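Each chain, letter by letter, is given below.
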Amino acid sequence: MLLFILLTHLAIGVAILGSGDRLGRRAFAVAALAPALTVGWAITQASGVIGSSSGGSGMSDGVPVSFSWMWVEQLGLQLDLRLDGFGLVMVSLVSGIGLMVCIYAMGYFSYPKPGTARLAGLMTLFAGAMLGVVLSDHLLALFVFWELTSITSYLLIGNDDRNPRARAAALQAILITGAGGLVMLVGLIIIGQSAGTYLISELLLNPPTDGVIAAGVICVLVGAFTKSAQAPFGSWLPGAMVAPTPISAYLHSATMVKAGVYLVARLAPILATTGQWRVLVLSVGAVTMVIGGLRAMRQYDLKLLLAYGTISQLGFLMLMFGTGEYKIAQAAVVLILAHGAFKAALFMVVGIVDHEVGTRDIRELHGFGSSWRPTVVVGILAAASMAGLPPLLGFVGKEKALDTYITYGDFTGSGVVLGVIVVGSMLTFAYSARFVLGLLGHFGVADKPNRSAEAHAPSAMFLGPAAVLTVLTVLLGLAPRLVDPLVAAATTALDPTASPSTVKLWAGFNAALGLSVLVIGVGLLLVWKRAPVARLQRRFSDAISWIPSAERGFLVALRSVTDGSKRLTAVVQSGSLPIYLLIIISVVAIAPLIPALSAWSDLPPLVDVPLHVPLAALVIAASLGASIVKRRISAALMLGAVGYAMAGFFIVQGAPDLALTQLVIETLATVLFVLVLRFLPTRWADRSPAVARPIRLTVSVAAAVSVFVLALVAAGSRDSVSEANISVEMIARSAPEAKGNNIVNVILVDFRGLDTLGEITVLVVSGVGAVALARAGRRRLMLGSDAADEVADYEWSEHEPVPSAAPVAGEMDQ
């Protein structure tokens, strides 16, 4: 069933894409079938996966749902899917919020534009890839799905391909996350090879201890940091806000940005004490949480405010999951559920405002009428959960995070991290309040147009999904025991030795409560003094303006790579075909010659039978003739003579079938040469400088020596036993199975039929290309260069203007 779920997403996504724009916004109703099916199936499996235990009652006795399919047994490549407690949490986020987003999108795209159905299809494919990430038990399968999320998110962000900002943002996202994914692949291979297994469930039971694991840890974390927009790789996430709000709500609340956090959560119990895992994760998470919070406090665009807030919250989750301590990880599970609910609801509220008012700028919002009261209430409650106010689920998660860090944070630097969490929570309260005040119109500027006074209130379908998520936030905050069994099962799945505690709204008067009161108090002060705080932020930003930001760093890196590639191309690709051939042949000749010489043995006898002498003389004479003659067809005939002489060698050695095949192929090649060469001048002129001739002679000799040595080494390295067995088997199977007595022909067209087909295809394509080039050159010579240019200009003007491409960096600057 696990595989069926993934294939269902694939089938529905492809079907929607294949329908074009005929479905319009109804495509999201079709797309909703995939997450609805997944949610329904997950509910049926929940009791078995969670088990009968709950928080405070010890380990979970749930049984994971597994699926395994062997692909390449010799290489150990297989698809292993596994739904355990933590996987169930992530499936709930991916498919549960995905279902809400599909319903929301039908209201958002009430006036569908071209590409609306494509968004629905791509989002379905993305959801399937994300489910593959959270369900994969095999590290390499996880990587494949990981990269599929990068590709589909690139297409989602850049769906409006006529918008240069959308194209630039999509390119930035895939360059950062794709590069991080490739680095992560190196780390996964190091970990898998060192541990002797690529299964996460087996790694959890037997963590690797090899010293090389430290390098793998760094590589894996680079991939996780790029995916979850951690400093200094977070510049792609704010840029991705150019995508339609339903896409932002899905990608940046429940799915793509959670992938890196998910990977850290899975591997932290295995690798937390290995190398510099904790130092890297906690340092990067702390910097990200603070910087994201500070940037969010300066935004006037509600969507950008949520984007930087998401970056800050992702840093918070890294600080929780990255410790590898199950008590702290349990609080992180509550946080990840709360974040998915309130952040998706907030994005939806922003989308409603943008859709109905036409702006997200809080300076142009001056308050809403009474018909907007449900929308405002939903936004306030979701923001309150983000701020960590009781009695909402966000408060439960933040309170438990503070309590577990105080009680169980006994590792080096835990006190500093706790201080960062407190400061980051203060900033979270401040930008949550900024969101609410902006929604209520407190930032409205008099000289800005009042675009919210007469705005039409959203429909029930449009507001409904955000309201459902907000109700869940309130309900689970008031009664956290409803989610306690799921949190306990997820914690046990991350660490089988865990004994989860009960999730509570009220844990008594303790240090965590005191810190929560401090966070709220300082947060209120930041809101009250927001004007002087903003001035202080501007001064601080100006003082450190010499430090490149993540956005500027990306642009500098992109320009540097582009300029460097241009310079390198100008050096190594001069446009001279002879130089290209010299380089290629030199590498092909010299590279294998070095290891071949190490396996060199004695020379075989120079002459076996007297007929070898005239045949060898013919080969040498024809080869020299091909390099000396000035007529192209004469050179082709000389090469044909070399092939015919080789056929003579085969006859002398007692292989008439091989000789016959050689004669046929050589005849065909010579005919093809003649057919192509008749379009070219009959003679060629050597215009190369004198210095090039010794170089060409040296390369030719090197190629000859390489082929000679490789032939001798290959012949001397054969295993006589296996060779005899293969020969006997081919002889025995040739006539009865292939119905042929010419064993060479049977090998070519039967035993190696696909290889031969590939070779024929290459020859056909090469021949067609050669003829086309020759005919084009001949036509240009007949018309004259001026006439040919006039024809080319005429053809362009008849069909379309000459295209021009703006550089990516230029688009990014716009």
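Residues numbered from 1 in each chain as written. Predicted model: local features only at pLDDT ≥ 70, side-chain atom pairs only at ≥ 80, totals over all residues. Heavy atoms only, no water.

This paragraph deals with the overall build of the chain. Regarding its fold elements, the chain presents 34 helices and two strands. Taken over 814 residues, the chain has a buried fraction of 46%. Here the analysis covers contacts within the chain between residues at least 6 apart in sequence; of these, 78% occur between residues at least 24 apart. Per element, the accessible surface of the chain, about 38,800 Å² overall, is 67% carbon and sulfur. (Helix = DSSP H or I, 4+ residues; strand = E, 2+ residues; numbered from the N terminus. Buried < 20%, exposed > 50% of the residue type's maximum accessible area, 1.4 Å probe, protein only. Contact = heavy atoms within 4.5 Å. Areas by Shrake-Rupley, 256 points an atom, 1.4 Å probe, with all protein chains shown as cover.)

Throughout the structure, instances matching the rule amount to eleven aromatic pairs. Judged by centre distance (6.0 Å) and plane angle (70 degrees), the ring pair of Tyr-405 and Phe-411 falls under edge-to-face. Among the aromatic residues, ring-to-ring pairing joins Phe-28, Tyr-104, Tyr-108, Phe-109 and Phe-462 into one connected group. If you follow Arg-530 out to its NZ or CZ, it ends over the ring of Phe-443, 5.5 Å from the centre. (Phe/Tyr/Trp six-rings, centres within 6.5 Å; stacked < 30°, edge-to-face > 60°. Lys NZ or Arg CZ within 6 Å of the ring centre and 35° of its normal.)

Let us look at the pairing of strand S2 (residues 77-83). Relative to S2, strand S1 (residues 65-72) runs antiparallel, the two being bridged by seven bridges. Across the sheet, Val-65 pairs through a bridge with Leu-83, a residue of S2. Turn length for the S1-S2 hairpin, with the two strands adjacent in sequence and antiparallel, is four residues, and the turn residue Gly-76 shows positive phi of about 70 degrees. (Pairing = 2+ DSSP bridges.)

Before going further, it helps to spend a moment on the side chain of Ser-385. The topology assignment puts Ser-385 in helix H16 (residues 373-387). At 3.1 Å, the side chain of Ser-385 forms a polar contact with the backbone nitrogen of Gly-394. What Ser-385 contacts, discounting residues up to four positions off in sequence, is Phe-342, Leu-392, Leu-393, Gly-394, Phe-395 and Thr-473. (Polar contact = N/O pair within 3.5 Å; in protein donor to acceptor, adjacent residues only side chain to side chain.)

Within the secondary structure layout, Gln-313 lies in helix H14 (residues 302-321). Relative accessible area serves as the criterion here: at 7%, Gln-313 is assigned to the buried category. Not counting residues up to four positions away in its chain, the partners in contact with Gln-313 are His-339, Phe-342, Lys-343, Thr-428 and Tyr-431.

This part is about the packing of helix H5 (residues 116-135) against helix H6 (residues 139-157). Relative to each other, H5 and H6 sit at 160 degrees, their axes nearing to 8 Å. Classified by the angle between their axes, H5 and H6 sit roughly antiparallel to one another. When the axes of H5 and H6 are compared, the crossing they make is left-handed. Residue-level inspection shows Leu-119, Leu-122, Met-123, Leu-125, Phe-126, Ala-129, Met-130, Gly-132 and Val-133 of H5 in contact with H6, the latter providing Leu-142, Phe-145, Trp-146, Leu-148, Thr-149, Thr-152, Ser-153, Leu-155 and Leu-156. Class assignment of the residues belonging to the contact of H5 with H6 gives a composition of 14 nonpolar, four polar and no charged. (Axes fitted to C-alpha atoms, helices over the stretch in contact; angles between N-to-C directions. Parallel < 35°, antiparallel > 145°, perpendicular 65-115°, else oblique. Left-handed = near helix turned anticlockwise from the far one by under 90°. Nonpolar A, V, L, I, M, F, W, Y, C, P; charged D, E, K, R; others polar.)

In the predicted model, the chain carries a mean pLDDT of 85, and 92% of its residues have values of at least 70. Note on residues 787-814: pLDDT under 50 across the span, and 21 contacts to partners over four residues away in sequence or across chains. (pLDDT = per-residue confidence, 0-100.)

Attention now goes to the environment of Ala-493. Mapping Ala-493 onto the fold places it in helix H20 (residues 484-494). When its relative accessible area of 15% is taken as the criterion, Ala-493 is described as buried. In this structure the C-alpha to C-alpha distance between Ala-493 and Leu-280, which are 213 residues apart in sequence, comes to 24 Å. Those residues in contact with Ala-493 that lie beyond four places of it in its chain are Asp-84, Gly-85, Phe-86, Leu-204 and Arg-266.

Moving on, we get to a nonpolar patch on the surface. Nonpolar side chains collect at one region of the surface, where Val-144, Leu-148, Ile-151, Tyr-154 and Leu-155 lie side by side and expose about 400 Å² of accessible area between them. Along the chain, the position of Ile-151 falls in helix H6. According to the relative accessible area criterion, Ile-151 is partly exposed, its value standing at 42%. (Patch = residues over 30% accessible without salt bridge, like charges linked within 9 Å, V, L, I, M, F, W, Y side chains within 5 Å. Salt bridge = Lys/Arg side-chain N within 4 Å of Asp/Glu carboxyl O.)

Take the pattern of salt bridges next. Scanning the entire structure with this criterion turns up eight salt bridges. The partner of Asp-84 in a salt bridge is Arg-266, and the shortest N-O contact between them spans 2.8 Å. A residue pair is termed long-range when its members are at least 10 positions apart, and Asp-84 in the loop between S2 and helix H4 (85-108) and Arg-266 in helix H12 (residues 256-271) qualify at 182 residues. Of the residues examined, Asp-84 reaches a relative accessible area of 5% and is grouped as buried. Taking the relative accessible area as the measure of exposure, Arg-266 reaches 9% and is therefore buried. Members of the salt-bridge network, linked through shared partners, are Arg-82, Asp-84 and Arg-266.

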